Amino acid sequence: MKALRNYLDKIKPNFERGGKFEKLHSTFEAFETFLFVPNTVTRQGAHIRDAMDMKRTMSIVVIALLPALLFGMFNVGLQHFRAIGDIAPTTSYDFGLIWHCFWFGFLKVLPIIVVSYVVGLGIEFLFAQLRGHEVNEGFLVTGLLIPLVMPVDIPLWMVAVATAFAVVFGKEVFGGTGMNIFNPALLARAFVFFAYTPYISGEKVWVAGLTKGEGIIDSFSGATPLADAANALANGATTIDWSNSSTPIDWFLGTIPGAIGETSTLAILIGAAILLYTGVASWRIMLSVVIGGLGIGLVYNAIGANVLMTMPAWYHLLVGGFAFGTVYMATDPVTGAQTNTGKCIYGLLIGAMAVTIRVLNPGYPEGMMLAILLMNALAPLIDHYVVEANVRRRNKRLKLTVK
Amino acid sequence: MSNVIRLKKGLDIKLEGTAQKQVSPLPRAESYAVKPDDFKGFTPKLLVKQDDAVKAGTPLLFDKYRPEIVVTSPVSGKVAAINRGEKRRILEVVVVPDGETEYESYDMAPLKNLSKNDVTSLMLSSGLWCFLIQRPYGIIADPGQNPKAVFISGFDSAPLAPDMNFVLRNEADNLNAGIEALSKLTTGKVHIGLHADDEAGVTGKVRGAQFHYFKGPHPAGNVGVQIHHVDPIVKGDVVWTMDIQNVAILGRFFRTGKVDMSRTIAVTGSEVIAPRYHSVIGGASIRSIIGGNVRPQMEGYAVRIISGNVLTGTKVEENGYMGFYSNQITVIPEGNKYEFLGWIAPRFSKFSVSRSYFSWLTPNKTYNLDTNMNGSERPFVVTGLYDRYLPMDIYPMYLLKAILAEDLEKMENLGIYEVIEEDLALCEFVDPSKTEMQAIVRRGIDQMLKELN
């Protein structure tokens, strides 16, 4: 480590003002502080500081995303091999089979991750240099979230365009990490959804190779459970015909078609446990999203006016992006509500809105993304009223003492 | 002690180097100094020049805008140097003491015969007025005002802070006299905030003050927190505060007629060989206090000397001087070292309130923390964290953002009248974005003072 440190100290002057690579200053600094916590000391105020910093905060989120990512890779392979008939739904898993599926998925997903990071970090480094800032760690999380909410068959150039859009218009125009209004990863998905709708909806895109359709067996359907439900709603059916006879157990484990990282409620729960144990994500938001979704689902159950209203409310928590959105997207501290009371309202509304969109709108089966984006926009308003209440309470003391 | 105010928010940071409860004698310092930067709301103008002879209590500086407020010499001797910084700003007025301390004399009468005006003018001419700090804003009080109350915090809850009951164990009479003097300055009450366990100590037996008991982690001992829970400051209110050891010095002045700035300070911190208490005269040189009592450092390593505690104190050099208001000197290691992949390492020796470290498993362990920032400055990202370290009905992040946006009305609404730097010190400590919150608060206060007065 000493040698590495000496080497960095030796080349550092090249990146300072007036040096040969002055234009790469932010990039150098990003890599240097990644390798070594800087030797900066406190100047004024508190002379000692807590050991927590932004790098560690973001790293915890990345670690919490790993279960969903690893399972997602496995599931990409599993769905593919089921689609071509290599693996029957009844086949029992052994290590060889799991590895076989995982490796296939790994090779499919890795390019998407690489494109997302290279494009996103490239833009971040550029903006940091132009602004004379340090590179923020926020994109470490965004760069992994984007692949996880994409369908596996998405063209790579589309990932690149969506990422660039999300980083530039979702974040940098507002002033960078900490200033953005919308969750950049969701913005990337929304961008693909509205710009290239066929590539992120329907029954083909969620399973690797299904878009091309070569060698797919007849009995396999690439529809997600949410699409099944939406179809039933659109056709006015009274019961939902679940593709590939999937059951809530399958939805919980995640062995169903869907966006890369969002299928497994179990893997997401492991991530949630990491986030809640470390305190990095807000339990208030997670809990209230679940309560909001479940609560409004029960209300719709009581009404029972269409086939989705009669679907048990708890199904909503397992299918689609509900769990993923609850754990990783709604809890984004920058774009979510910032006061404790605000967080509860914000979460309740996300859950309620997501289920409402699902239940009432057969055109777009997944309500979670729109619900979170909408509440991202409303979060400052919620906080405004919470803070105003505080101001009023404090001013009331004024009246009491004046009297 | 019927109603104890229990505070849940806050944090006790346990550090190595608690002072042993023994007072060790120290030889007299070779020099003493007053540092204008210690006095908030005070624009210094010199009253002496180099080589002038002064007594203990002779005015050295006065305030440009409130000329009746003066800062006086803690010892008798000769003005040895007037050290200036950039733009000829006065940094230190150094006095080298002579053999026997000579004191300025004052026209003193028994305290019970003194009026509010008598007390005020005696405190002003002796320089002890500077002990009186006004809230809002944490500046030296304005003699023309009538505060609604005077608040004294009877204990210091900061890391490694001195035990005030030990410091003041022989000062009961002076404390009572000090409180009597203070009670003449207000038409309201003199309040004293005590720790719930302090009832038996000397601070629990003072006369003439209203007692309030607190329980909970730091900053329960901050007078601002105590005011918030007893009688909060709202727009238009003026409250005066005084550090409890300064109350004793004030009482000593009214009992003896001498400006005797002797105080007991705790010398603490992991780099102190023998952490203990010393009796010193305020403004003593750092070398005279800790010389020979600091652990030798390996090559390339250094120590940070702090006049005050690790959260709110001022960095001083070894050839510098203790601060006017300090009851404590702390010495900790400098953290000017790189750490390989530190942001992801388990770092068992580091302290954090985050559970991504393991320090929460060992709540009683004491830590040897250095001055490393442990990260780089970032915009605010995390939420809900700061609220847990400010036991007031205030949203710290919103207040800080209002200050950054220079929005006076919001600052007023969100609580700028109730806080000073020290109240947000813990928020600054825990902040993963490494924002300099105490500096931001002071900037906000300065702006309020500028725009509203």
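Residues numbered from 1 in each chain as written. Chains lettered and ligands numbered in written order. Predicted model: local features only at pLDDT ≥ 70, side-chain atom pairs only at ≥ 80, totals over all residues.

Quick look at the overall build of chain A now. Per the secondary structure count, chain A includes 16 helices and one strand. Each of the three principal axes of chain A carries a C-alpha extent, and together these read 70 × 70 × 35 Å. For chain A, contacts bridging at least 24 residues in sequence account for 73% of all contacts bridging at least 6. (Helix = DSSP H or I, 4+ residues; strand = E, 2+ residues; numbered from the N terminus. Contact = placed C-beta atoms within 7 Å.)

Residue and element names in this part refer to chain B. Cis rather than trans, the peptide bond between R135 and P136 has omega equal to -5 degrees. Inspection of the secondary structure puts P136 in the loop between strand 10 (133–135) and strand 11 (139–140). Put simply, H218 and P219 share a cis peptide bond, and its omega is 10 degrees. With respect to the element layout, P219 can be found in the loop between strand 14 (210–215) and helix 4 (223–230). Even without glycine at this site, K87 takes up a positive phi of about 55 degrees. Its location among the elements puts K87 in the loop between strand 8 (77–84) and strand 9 (90–97).

With that settled, consider the domain arrangement of chain A. Residues and elements named next belong to chain A. Its domain assignment divides chain A into domain 1 (2–35) and domain 2 (54–214 + 224–387). Centre-to-centre separation of domain 1 and domain 2, based on C-alpha positions: 37 Å. In this complex, domain 1 contributes six residues to the contact, which on the side of domain 2 involves six residues. Along the lines of polarity and charge, the residues of the side of domain 1 that touches domain 2 split into one nonpolar, three polar and two charged. (Domains from an automatic or database assignment. Nonpolar A, V, L, I, M, F, W, Y, C, P; charged D, E, K, R; others polar.)

Between chain B and chain A, the contact holds 61 residues from the first and 49 residues from the second. Those elements that provide at least two residues to the side of chain B that touches chain A are strand 18 (303–307), strand 21 (339–340), helix 7 (396–404), helix 8 (408–414), helix 9 (425–430) and helix 10 (437–452) of chain B. Class assignment of the residues belonging to the side of chain B that touches chain A gives a composition of 30 nonpolar, 18 polar and 13 charged. Note: strand 1 (residues 36–37) of chain A against strand 21 of chain B, two bridges, orientation antiparallel. When the bridges of strand 21 of chain B are listed, V37 of chain A appears paired with E339 of chain B. (Pairing = 2+ DSSP bridges.)

All names here are of chain B. In spatial order, the strands read 4-6-7; together these three strands make up an open sheet with antiparallel pairing. Edge strands, defined here as strands with exactly one partner in the open sheet, are strand 4 (44–46) and strand 7 (70–72). Put simply, the sheet's adjacent strands are angled 30 degrees from each other on average, direction ignored. Here three bridges tie strand 4 to strand 6 (residues 59–63), and the two strands are oriented antiparallel to one another. Within the sheet, the bridge partner assigned to P44 lies in strand 6 and is D63. (Axes fitted to C-alpha atoms, helices over the stretch in contact; angles between N-to-C directions.)

Let's shift gears to the environment of E428 of chain B. Tracing the backbone through its elements, the reader meets E428 of chain B in helix 9. Among the residues examined, E428 of chain B registers 28 C-beta atoms within 10 Å and is labelled buried. Note: C-alpha distance between E428 of chain B and Y389 of chain B (39 residues apart in sequence) is 9.4 Å. Not counting chain neighbours up to four residues away, the residues in contact with E428 of chain B comprise G45 and A46 of chain A together with T435, E436, M437 and Q438 of chain B. (Buried ≥ 20, exposed ≤ 12 C-beta atoms within 10 Å, placed from the backbone.)

Residue and element names in this part refer to chain A. Mapping F127 onto the fold places it in helix 4 (residues 95–131). Its 20 C-beta neighbours within 10 Å are what place F127 among the buried residues. Put simply, F127 and V319 are 192 residues apart on the chain and 38 Å apart in space, counted from C-alpha to C-alpha. Not counting residues up to four positions away in its chain, the partners in contact with F127 are E172 and G176.

Counting residues in each nonpolar core, the largest one holds 247 residues, and the members touching the most others are I350 and I372 of chain A together with L399 of chain B. The dominant element in this core, judged by the number of residues it contributes, is helix 3 (residues 54–83) of chain A, at 15 residues. What L399 of chain B contacts, discounting residues up to four positions off in sequence, is I394, M411, L414, G415 and I416 of chain B. (Core = buried A, V, L, I, M, F, W, Y, C linked by C-beta atoms within 7 Å.)

Take the domain arrangement of chain B next. All names here are of chain B. Taken domain by domain, chain B comprises domain 1 (31–99), domain 2 (105–258), domain 3 (263–347) and domain 4 (386–452). Centre-to-centre, using C-alpha coordinates, domain 1 lies 25 Å away from domain 2. Between domain 1 and domain 2, the contact holds twelve residues from the first and eleven residues from the second. Element by element, the count of residues in the side of domain 1 that touches domain 2 is highest for strand 7, at three residues. Here the residues of the side of domain 1 that touches domain 2 sort into six nonpolar, three polar and three charged.

All right, on to helix 11 (residues 283–303) of chain A then. Residue and element names in this part refer to chain A. Helix length check: helix 11 (21 residues) gives 30 Å between terminal C-alpha atoms against 30 Å at 1.5 Å per residue, within 8%. Along helix 11, the residues classified as buried are R284, I285, M286, S288, V289, V290, G292, G293, I296, G297 and Y300. Where helix 11 is buried, its residues touch helix 10 (265–278), helix 12 (307–310), helix 13 (315–318), helix 14 (322–329) and helix 15 (340–360). Directly beyond the C-terminal end of helix 11, a positive phi value near 65 degrees is found at G304. (Expected span 1.5 Å × (residues − 1).)

This paragraph deals with the sheet that holds strand 8 of chain B. With antiparallel pairing, four strands are arranged side by side in an open sheet as 3-9-8-5 (chain B). Edge positions in the sheet fall to strand 3 (32–34) and strand 5 (53–54) of chain B, since each has one partner strand and no second.

Residues and elements named next belong to chain A. Close contact between helix 3 and helix 4 brings their axes to 6 Å; oriented N to C, the two are set at 105 degrees. In terms of their interaxial angle, helix 3 and helix 4 are classed as roughly perpendicular. Along the contact surface, helix 3 presents G72, M73, F74, N75, V76, G77, L78, H80 and F81, while helix 4 presents I98, H100, C101, F102, W103, F104, G105, F106, K108 and V109. Residue composition of the contact of helix 3 with helix 4, by class: twelve nonpolar, six polar and one charged. (Parallel < 35°, antiparallel > 145°, perpendicular 65-115°, else oblique.)

Residues and elements named next belong to chain B. Across the six residues of strand 20 (residues 328–333), six count as buried, placing the element largely inside the fold. On strand 20, burial covers both faces: Q328, T330 and I332 on one face and I329, V331 and P333 on the other are all buried. Bridging between strand 18 and strand 20 involves five bridges; their strand directions are antiparallel. Within strand 20, the position partnered with S307 by the bridge is I329.

Next up on the list: the pairing of strand 13 (residues 190–195) of chain B. Residue and element names in this part refer to chain B. Burial of strand 13 is extensive: six of the six residues sit out of reach of the surface. Here strand 13 shows a buried face lined by V190, I192 and L194 and a second buried face lined by H191, G193 and H195. The pairing of strand 12 (residues 149–153) with strand 13 spans four bridges and is parallel. Paired with V150 across the two strands is V190, which belongs to strand 13. Across five bridges, the pairing between strand 13 and strand 14 is parallel. Bridging from a neighbouring strand, H191 pairs with Q210 of strand 14.

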